[in-house]
Amino acid sequence: MSVTAKLHVGMSLAPTWLSGEAWRRADSDISGVFSSDYFVDLAQRAEAAHVDFVFRPDTLFLRTEGLETGGGFASMDPTMLLAAIARETSHVGLLSTVSTTFLPPYVVARQIQSLNWLSNGRAGWNIVTALDGHENFGLTEMPSPQERYERAAEFTQVVKALWASFPNEALKLDRESGRFADSSLVHPVAHEGRHFSVKGPLNLPAHASRIPLVQAGASPEGRDFASSVADAVFASTPDMQAAIELRADLRRRAEGHGRNPDGVKMMPGLSLYLAETGREALELFTETHARANRSRAFASIRDMTGLDLTDWPLTRIVTASDLPPPPETPRSRTHAGLLRRLIERETLSVAELLRRPEVMGSGHWQIIGTVEDAFEAIREWAAAGAIDGFVAVPGGSVASMRLVLERLLPKLADAGLFRTAYSGRTFAEHLAE
Ligand SMILES: Cc1cc2nc3c(=O)[nH]c(=O)nc-3n(C[C@H](O)[C@H](O)[C@H](O)COP(=O)(O)O)c2cc1C
């Protein structure tokens, strides 16, 4: 990417700035997190900063172990939440997450197209293959990642076919002649595949604006799938080299699928703990994770790498030779791969390892510092061709989140790295800018 190209920015609506201890702060407004007011306010603030989209991740299971101390993944249905935001905003893209592993494609095609109408062309679909939750859908075990991606590819093909089955052009709405629709343009999808049998057409016409597709998951199958269909990839790249490699690989694969590589934007999650000084930012980070559960971190390292560090002294260095052969089916190969990569490349003690995003969170790029520090790091990654943008996942406090929207994004815009105003009104137009 040239230094002058504008970045694309998504804002997470998962209130990551209330994670850890942050929800206990006096100003956290924690009681609002199951209300629409809270998220409408947030989306309006994100829209005032001209972000491409607000984004809601999602899962279909509840892990109860962490509930005593934090909300974890308890959350409203993302598409319904975004529908409530749609009428209170006018430009910002609305990216919902729906897994291809559990629900029928007809229902998902209709829900996302409904959001597209309700928002006048601002819906997007973040395609995930899910990490857990099979017991909630009558499955005895989680299908393998390969199986999930195969199903995702067919699922996505069906959803796209359903959107095309009642095209916008078919709507005539001609009072004079009495012609409501040109039914010759409405056709069944007649899909008969390994996983789905869907006749169609969809019982909702397509909005005139195309629905962008985003994908998350970076194993070889994930990359191949993303580069064949996605407009953007929500990635976990904790270091710049990982981002450069992933972006180059996605672009290469997109070309292999006969696509323009600029059509696949690489947008890593960016965890931002911001404060007025570097020291305050570090304090914010440390306070936020003060009660982080060590045994849970050890369990997660064991699940991802097979290495059990429970009885190791905190000062002992973990090296690549300590790593057993990788587990065959980790929950996420993306995250397991990132942790192995970290241990292979850096010399870290157990205590240091426990503080890294590859262990503590979702392996996102992490900046702990001032607005200026974040600005410089983003400029460096952009100039190195590591990113097409990022998805902001602020951490630590409401103040840290506000610094992202009210100071960091305007600073990027002033430097010509980000838009100063919307030029389009639909999600697809923002991504094409
Ligand atoms: C950055 C990132 C974000 C993800 N977000 C979600 C999510 O919100 N919901 C979900 O069910 N799965 C999510 N996943 C899981 C992926 O969809 C996928 O199931 C998992 O990473 C396994 O695929 P892999 O083998 O390609 O890593 C996410 C994965 C990544 C890397």
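- In the annotation of an unreviewed UniProt entry, the protein chain is listed under the name LLM class flavin-dependent oxidoreductase and assigned to Agrobacterium salinitolerans.
- Taken verbatim from the UniProt record of the protein chain, the Sequence similarities (unreviewed entry) comment is "Belongs to the NtaA/SnaA/DszA monooxygenase family."

Overview of the overall build of the protein chain
Move 1: What the protein chain contains, in helices and strands, is 14 helices and 15 strands.
Move 2: Since a compact globule built from 433 residues should have a radius of gyration of about 22 Å, the 22 Å found for the protein chain is in line with a globular shape.
Move 3: With the C-alpha coordinates of the protein chain rotated into their principal frame, the extents come out at 80 × 50 × 45 Å.
Move 4: Relative to its full complement of 433 residues, the protein chain shows a buried share of 51%.
Move 5: Accessible area of the protein chain: about 19,400 Å², with a carbon and sulfur share of 52%.

Things to note about the nonpolar core
Move 1: With 85 residues, the main nonpolar core has Trp125, Phe390 and Leu408 as its most contacted residues.
Move 2: The element that contributes the greatest number of residues to this core is helix α13 (residues 398–414), accounting for nine residues.
Move 3: Not counting chain neighbours up to four residues away, the residues in contact with phenylalanine 390 comprise Leu7, His8, Val9, Gly10, Met267, Pro268, Leu270, Trp365, Ile378, Leu409 and Leu412.
Move 4: In this structure, Leu323, Leu339, Leu342 and Leu348 belong to the second largest nonpolar core, which totals 18 residues.

Side note on the side chain of threonine 370
Move 1: Assignment of secondary structure puts threonine 370 in the loop between β14 (365–369) and α12 (371–383).
Move 2: You can call threonine 370 buried: its relative accessible area is 15%.
Move 3: Setting aside residues no more than four positions away along its own chain, threonine 370 makes contact with Leu274, Ala275, Glu276, Thr277 and Gly278.

Some thoughts on the packing of aromatic side chains
Think of a pair of aromatic rings as described by two things: how far the centres are apart, and how the planes are tilted against each other in angle.
Move 1: Inspection of the entire model under this criterion finds 10 aromatic pairs.
Move 2: Ring geometry for phenylalanine 55 and phenylalanine 234: centres 5.0 Å apart, planes at 70°, overall edge-to-face. Taken together, the positions of phenylalanine 55 in strand β2 (residues 53–56) and phenylalanine 234 in strand β10 (residues 232–235) put the pair 179 residues apart, joining distant regions of the chain.
Move 3: Relative accessible area serves as the criterion here: at 16%, phenylalanine 234 is assigned to the buried category.
Move 4: The structure contains a cluster of three or more aromatic residues connected by ring pairs, namely Trp125, Phe155, Trp163 and Phe196.
Move 5: Arginine 56 extends its terminal NZ or CZ atom over the ring of phenylalanine 39, reaching a point 5.0 Å from the ring centre.

What about the site of the ligand?
Move 1: Near the ligand you find 21 residues, and of these Asp58, Thr129, Tyr149, Ser219 and Thr334 are the closest.
Move 2: The side chain of arginine 148 places a nitrogen or oxygen atom 3.3 Å from an oxygen atom of the ligand.
Move 3: With respect to the ligand, the side chain of threonine 334 contributes an N or O atom lying 2.4 Å from an oxygen atom.
Move 4: At the level of elements, α4 (145–165), β10 and α9 (333–345) are the ones that each hand at least two residues to the shell around the ligand.
Move 5: When residues in the shell around the ligand are grouped by element, the largest group, three residues, is from α9.
Move 6: Tallied by class, the residues present in the shell around the ligand amount to nine nonpolar, nine polar and three charged.

Observations regarding the packing of α12 against α13
Move 1: Where α12 contacts α13, the axes come no closer than 10 Å and their chain directions differ by 45°. Judged by the angle between their axes, α12 and α13 are oblique. Regarding α12 and α13, the two cross each other, and that crossing is right-handed. The segment α12 lies against α13, with Val371, Glu372, Ala374, Phe375 and Ile378 engaging Leu403, Arg407, Leu408, Lys411 and Leu412.
Move 2: For the contact of α12 with α13, the per-class residue count stands at seven nonpolar, no polar and three charged.

A short note on the UniProt feature "domain: Luciferase-like" (unreviewed entry) in the protein chain
Move 1: According to UniProt, the "domain: Luciferase-like" (unreviewed entry) feature falls on residues 31–385.
Move 2: For the annotated span residues 31–385, helix accounts for 40% and strand for 15% of the residues, and the straight-line distance between the end C-alpha atoms is 41 Å.

Notes on the pattern of salt bridges
Move 1: Going through the model one piece at a time under the given rule, you end up with 27 salt bridges.
Move 2: Among the salt bridges present, the one from arginine 331 reaches aspartate 132, with a minimum N-O distance of 3.8 Å. Of the two residues, arginine 331 is situated in the loop between β12 (317–318) and α9 and aspartate 132 in the loop between β4 (123–128) and α4; the sequence distance between them amounts to 199 residues.
Move 3: Judged by relative accessible area, which is 38%, arginine 331 ranks as partly exposed.

Some words on the environment of alanine 123
Move 1: With respect to the helices and strands, alanine 123 occurs in strand β4.
Move 2: Residues alanine 123 and arginine 341 lie 218 residues apart in sequence; the distance between their C-alpha atoms is 35 Å.

Remarks on the packing of helix α8 (residues 294–305) against α9
Move 1: Where α8 contacts α9, the two axes come as close as 9 Å, and the packing angle between them is 100°. The pairing of α8 with α9 is recorded here as roughly perpendicular in orientation. Within the contact between the two elements, α8 uses Ile301, Met304 and Thr305 and α9 uses His335, Ala336, Leu339 and Arg340.
Move 2: The residue inventory of the contact of α8 with α9, partitioned by class, reads four nonpolar, two polar and one charged.

Here is what the cut-offs are and how they apply
- Residues numbered from 1 in each chain as written.
- Predicted model: local features only at pLDDT ≥ 70, side-chain atom pairs only at ≥ 80, totals over all residues.
- Heavy atoms only, no water.
- UniProt positions renumbered as here; feature names shortened; annotations may be inferred.
- Helix = DSSP H or I, 4+ residues; strand = E, 2+ residues; numbered from the N terminus.
- Rg over C-alpha atoms; globule rule 2.2 N^0.38 Å.
- Buried < 20%, exposed > 50% of the residue type's maximum accessible area, 1.4 Å probe, protein only.
- Areas by Shrake-Rupley, 256 points an atom, 1.4 Å probe, with all protein chains shown as cover.
- Core = buried A, V, L, I, M, F, W, Y, C linked by side-chain atoms within 4.5 Å.
- Contact = heavy atoms within 4.5 Å.
- Phe/Tyr/Trp six-rings, centres within 6.5 Å; stacked < 30°, edge-to-face > 60°.
- Lys NZ or Arg CZ within 6 Å of the ring centre and 35° of its normal.
- Near = heavy atom within 4 Å.
- Polar contact = N/O pair within 3.5 Å; in protein donor to acceptor, adjacent residues only side chain to side chain.
- Nonpolar A, V, L, I, M, F, W, Y, C, P; charged D, E, K, R; others polar.
- Axes fitted to C-alpha atoms, helices over the stretch in contact; angles between N-to-C directions.
- Parallel < 35°, antiparallel > 145°, perpendicular 65-115°, else oblique.
- Left-handed = near helix turned anticlockwise from the far one by under 90°.
- Salt bridge = Lys/Arg side-chain N within 4 Å of Asp/Glu carboxyl O.

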